[in-house]
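Close look at the chain arrangement
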Amino acid sequence: MYIDGQWQGEELTHIEVINPATKQVVGTVPNGGKNEAKQAVDAAHAAFASWSTLTAQERGRLLAVWHRLIEENKEDIGKIMTMEQGKPLKEAIGEVGYANGFISWYAEEAKRIYGETIPASHANKRIFVQKQPVGVVAAITPWNFPAAMITRKVGPALAAGCTAVIKQAEETPLTALKLAELAEEAGIPAGVVNVITGNPQEIGDTWLEDERVRKITFTGSTEVGKQLMKGAAETVKKVSLELGGHAPFIVMEDADLDKAVEHLIGSKFRNSGQTCICTNRVYVQVSILETFSEKFKAAVADLTTGNGLEENVDLGPLINDQAIGKVQNHLDDATTKGGEVLVGGNSFVKNEGQYFEPTIISGASDDMLCMNEETFGPVAPIASFQTEEEVIQRANNSPFGLAAYVFSENIGKAVRVSEELEYGIVGVNDGLPSVPQAPFGGMKESGLGREGGHHGIGEYLEVKYISLGI
Ligand SMILES: NC(=O)c1ccc[n+]([C@@H]2O[C@H](COP(=O)([O-])OP(=O)(O)OC[C@H]3O[C@@H](n4cnc5c(N)ncnc54)[C@H](O)[C@@H]3O)[C@@H](O)[C@H]2O)c1
Ligand SMILES: O=C[C@H](O)CS(=O)(=O)O
């Protein structure tokens, strides 16, 4: 653990970090709890006064140094990520680049936290609006993007002048600790960034109960997000939530089918289907269903599955046995309800790693689990639809509202459908919309707030106005 500029926790019991491709131990981290969680808040609280009063230029400069060091180390960070999370090395290095994009974006955004003056209704008054950092931020992040989910929070938080306590998922702590090591090397002062490993409930509850923690920013399941949102109410903390998704991928009859297949492969099978914006259900207009399904089946059959450190691997292992079980449950439910496996459909073990073949289910119906619950695995159920109105209604019939996709070469239709979709992110002829400069986030039970772009820094700022009598 990295607390107050010190590497700590050797005296504690340790948690093993397991490579999902081999089930071998690739590292151990201290099993921290309440005491360490409190120490981290002590350090972040103590560092806040000096960090928040640095000039924006100085905070931006330090973030830029951190960015340079992450860039110089991205292959090493990528290898650490693949070994603890399982994604193919090329994807892991890609994630490091994406993650670092938030650091560079917010190194600059620090200098653009503008205020405003407002014409007063009294001649003897002047009104000034300032934006100030909220204070100590607690960040809790998931295992599927061990770098990006941290920098998407800590980048804007530090740029705004906040200090941070971070708990990464217990499955993937090593990437977070490497980022902390580079933050230290960049000269980011002690206490500004603190990374805790250990018991999620103990650490989370400690931070929820501590009134010095002024913001909880969480990325993970909707279930845990709801728990944290309730806990934050006790001390009225600001809350940002990036939660579960259930993305519909809509192929209209006037879509470029080859483009739609190419983007569906990316959207469905990135990180073996373990991303919050992965396509979870595919809706294809009935007139092109057979042609599209054949094209998609051929493309999926070409995908390779294996250890992410090997060359030319498209899909790595799933994170753990529970993930395999959930995917299998969704597949079994679908076939029981009339779905047919067009390709794939099997889990398998290779060198102890747990894998699931990239799979397509045809004849999907809206009563299937995979059409309603987040599968978080490489299974693509295809359902047909007749009309635009029908598919919009079915796509919106979900408690989730994170990402959706629509493919059509009729741009008017694509825009019209996009505007009707109740999702925070809509990819139009684009299956991979995530970039640091855009406001990433969901509607409904997919979350609160946005991360990325100029919207993202607002989550870490309080708005104050000064009424000046003259
Ligand atoms: N919307 C997004 O940007 C986004 C991004 C990535 C993942 N996700 C979602 O995250 C989920 C998968 O990630 P996961 O399995 O790590 O989710 P998870 O909710 O199980 O865990 C997320 C984090 O919360 C911690 N946690 C768990 N219980 C806690 C508690 N009681 N108190 C405090 N912390 C607790 C975990 O240790 C982990 O660090 C999926 O639902 C996925 O859609 C969403
Ligand atoms: O899993 C959720 C991540 O936010 C996915 S992305 O890399 O931001 O698209």
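These numbers were taken from a predicted model, which means no experiment stands behind them. (Residues numbered from 1 in each chain as written. Chains lettered and ligands numbered in written order. Predicted model: local features only at pLDDT ≥ 70, side-chain atom pairs only at ≥ 80, totals over all residues. Heavy atoms only, no water.)

1. What about the pattern of salt bridges?
Short version of the rule: Note on definitions: salt bridges are taken to be side-chain nitrogens of Lys or Arg within 4 Å of carboxyl oxygens of Asp or Glu. Each residue is placed in one exposure class: buried if its accessible area under a 1.4 Å probe, protein chains only, is under 20% of its type's maximum, exposed if it is over 50%, and partly exposed if it falls in between.
One pass over the structure, following the stated rule, counts 24 salt bridges. The partner of Lys 111 in a salt bridge is Glu 108, and the shortest N-O contact between them spans 3.0 Å. Given the relative accessible area of 33%, Lys 111 is considered partly exposed. Residue classification places Glu 108 among the partly exposed residues on the basis of a relative accessible area of 36%. Linking Lys 167 and Glu 170 is a salt bridge whose minimum nitrogen-to-oxygen distance equals 3.6 Å. Several salt bridges share partner residues, and in doing so they unite Lys 38, Asp 42, Asp 210 and Arg 212 into one network.

2. Regarding the site of ligand 1
Filter applied, for reference: Each residue is tested against the molecule or strand, and it is near if at least one of its non-hydrogen atoms lies within 4 Å. Contacts described as polar in this section are N or O atom pairs within 3.5 Å, which, within protein, must combine one atom able to donate a hydrogen with one able to accept it, while residues neighboring in sequence count only if both atoms come from side chains. Reported accessibility uses the Shrake-Rupley method at a 1.4 Å probe radius. Residues are deemed covered only where the shown protein chains occlude them. The nonpolar class holds Ala, Val, Leu, Ile, Met, Phe, Trp, Tyr, Cys and Pro. Asp, Glu, Lys and Arg form the charged class, and all remaining residues, Gly among them, are polar. Each domain span listed reflects an automatic or database assignment of domains.
Lining the immediate surroundings of ligand 1 are 30 residues, of which Thr 141, Arg 152, Glu 170, Ser 221 and Glu 374 lie closest. In this structure, an oxygen atom belonging to ligand 1 sits 2.9 Å away from a side-chain N or O atom of Trp 143. Taking Gln 201, its side chain carries an N or O atom lying 3.4 Å from a nitrogen atom of ligand 1. Look at ligand 1: alone it shows 840 Å² of surface, and the protein chains cover 89% of it. Each residue belonging to the shell around ligand 1 can be placed in one class, and the counts come to 14 nonpolar, eleven polar and five charged. Taken together, domain 1 (2-243 + 446-469) and domain 2 (247-428) each give at least three residues to the shell around ligand 1, which thus spans both.

3. Topic: the domain arrangement of the protein chain
To keep things clear, this is the line we draw: The contact definition used throughout considers only heavy atoms, calling two residues in contact when any of these lie within 4.5 Å. Buried area: the sum, over both parts, of the accessible surface (1.4 Å probe) that disappears when the two are put together.
By the assigned domains, the protein chain splits into domain 1 (2-243 + 446-469) and domain 2 (247-428). Of note, the centres of domain 1 and domain 2, computed from C-alpha atoms alone, are 31 Å apart. Each partner contributes residues to the interface: domain 1 has 24 residues there, and domain 2 has 30 residues. Between domain 1 and domain 2 the total buried area reaches about 2,000 Å² when both faces are included, carbon and sulfur atoms providing 55% of it. When residues of domain 1 are sorted by the area they lose upon contact with domain 2, Ala 21, Trp 143 and Ser 446 head the list and together hold 25% of the total.

4. Considering the site of ligand 2
Surrounding ligand 2, one finds Tyr 98, Asn 144, Phe 145, Met 149, Arg 152, Arg 270, Thr 275, Cys 276, Ile 277, Ser 434 and Phe 440. Between Tyr 98 and ligand 2, the recorded distance is 2.7 Å, taken from a side-chain N or O atom to an oxygen atom. Arg 270 places a polar side-chain atom, nitrogen or oxygen, 2.7 Å from an oxygen atom of ligand 2. Considering ligand 2 on its own, with 280 Å² of exposed area, one finds that the protein chains cover 99% of that surface. Residues that form the shell around ligand 2 fall into these classes: six nonpolar, three polar and two charged.

5. Points about the side chain of Ser 408
Definition in use: Under the scheme used here, helices are H or I runs from DSSP no shorter than 4 residues and strands are E runs no shorter than 2 residues, and both carry numbers assigned from the N terminus.
Looking at where Ser 408 falls in the secondary structure, it is placed in the loop between β20 (403-407) and α13 (411-420). Within polar-contact distance, the side chain of Ser 408 engages the side chain of Asp 254 at 2.7 Å. A polar side-chain atom of Ser 408 sits 3.0 Å from the main-chain amide nitrogen of Asn 410. Look past the residues within four positions of Ser 408 in its chain and what remains in contact with it is Met 252, Asp 254, Ala 255, Lys 413, Ala 414 and Asn 429.

6. Brief notes about the sheet that holds strand β13 (residues 279-285)
In any sheet, the strands associate via hydrogen bonds between backbone groups, in a parallel or an antiparallel arrangement. This is how it is decided: Note on pairing: two strands pair once DSSP finds at least 2 bridges between them. An axis is simply a line fitted to the C-alpha atoms; with a helix, the fit covers only the stretch in contact. Between two such axes, the angle follows the N-to-C directions and lies from 0 to 180 degrees.
Taken in spatial order, the seven strands make up an open sheet running β14-β17-β18-β13-β12-β20-β21, and their pairing is mixed. Across the chains shown, the open sheet's two edge strands, defined by having one partner strand only, are β14 (340-343) and β21 (425-428). Strand-to-strand, the axes of this sheet are offset by a mean angle of 25°, without reference to chain direction. Strands β12 (247-251), β13 and β18 (379-385) of the sheet are contacted by helix α12 (residues 388-396), whose axis makes an angle of about 145° with β18.

7. Observations regarding the nonpolar core
To keep things clear, this is the line we draw: Here, nonpolar core refers to any group of buried Ala, Val, Leu, Ile, Met, Phe, Trp, Tyr and Cys residues whose side-chain atoms link them within 4.5 Å.
In terms of nonpolar packing, the biggest core is built from 84 residues, with Trp 66, Leu 158, Val 251, Phe 292 and Phe 296 touching the most fellow members. Each of domain 1 (2-243 + 446-469) and domain 2 (247-428) contributes no fewer than three residues to this core. Once you skip the residues sitting within four places of it in the chain, Leu 158 turns out to touch Trp 51, Arg 59, Leu 63, Trp 66, Ala 164, Ile 188, Val 192 and Val 193. If you look at the next biggest cluster of nonpolar residues, it comprises 30 residues, including Ala 169, Phe 356, Ala 395 and Leu 421.

8. Quick notes on the UniProt feature "active site" (unreviewed entry) in the protein chain
To keep it simple, the criterion reads: UniProt positions are given in the numbering used here, feature names are shortened, and annotations may be inferred rather than shown by experiment.
Here the UniProt-annotated "active site" (unreviewed entry) positions come out as Glu 242 and Cys 276. In sequence the annotated residues extend across 35 residues, while in space they remain close, none of their C-alpha pairs exceeding 8.8 Å. Here Glu 242 shows up in strand β11 (residues 238-242). Excluding residues within four positions of it along the chain, Glu 242 makes contact with Arg 152, Phe 218, Thr 219, Gly 220, Leu 402, Phe 440, Gly 441, Gly 442, Ser 446, Gly 449, Arg 450 and Glu 451.

9. Notes on the packing of aromatic side chains
To be explicit about the condition: Pairing of aromatic side chains requires ring centres within 6.5 Å, counting the rings of Phe and Tyr and the six-membered ring of Trp. Pairs whose planes differ by under 30 degrees are stacked, by over 60 edge-to-face, and all others tilted. Criterion for a charge above a ring: Lys NZ or Arg CZ within 6 Å of the ring centre, and within 35 degrees of the ring normal.
The full count for this structure, using the stated rule, is eight aromatic pairs. Judged by centre distance (5.2 Å) and plane angle (10°), the ring pair of Phe 348 and Tyr 355 falls under stacked. On the basis of relative accessible area, Tyr 355 is assigned to the buried category, the value being 1%. Each member of the aromatic cluster is reached from another via a ring pair, and the members are Phe 249, Tyr 405 and Phe 407. Looking at Lys 215, its charged tip hangs above the ring of Tyr 460, at a distance of 5.3 Å from the centre.

10. Points about helix α5 (residues 148-160)
Which entries qualify depends on this criterion: To estimate the expected span of a helix, subtract one from its residue number and multiply by 1.5 Å.
Here α5 is 13 residues long and its end C-alpha atoms lie 18 Å apart, about the 18 Å a rise of 1.5 Å per residue gives. The buried count for α5 comes to 13 of 13 residues, which makes it a mostly enclosed element. Positive phi appears at Gly 161, one or two residues downstream of α5, with a value of about 105°.

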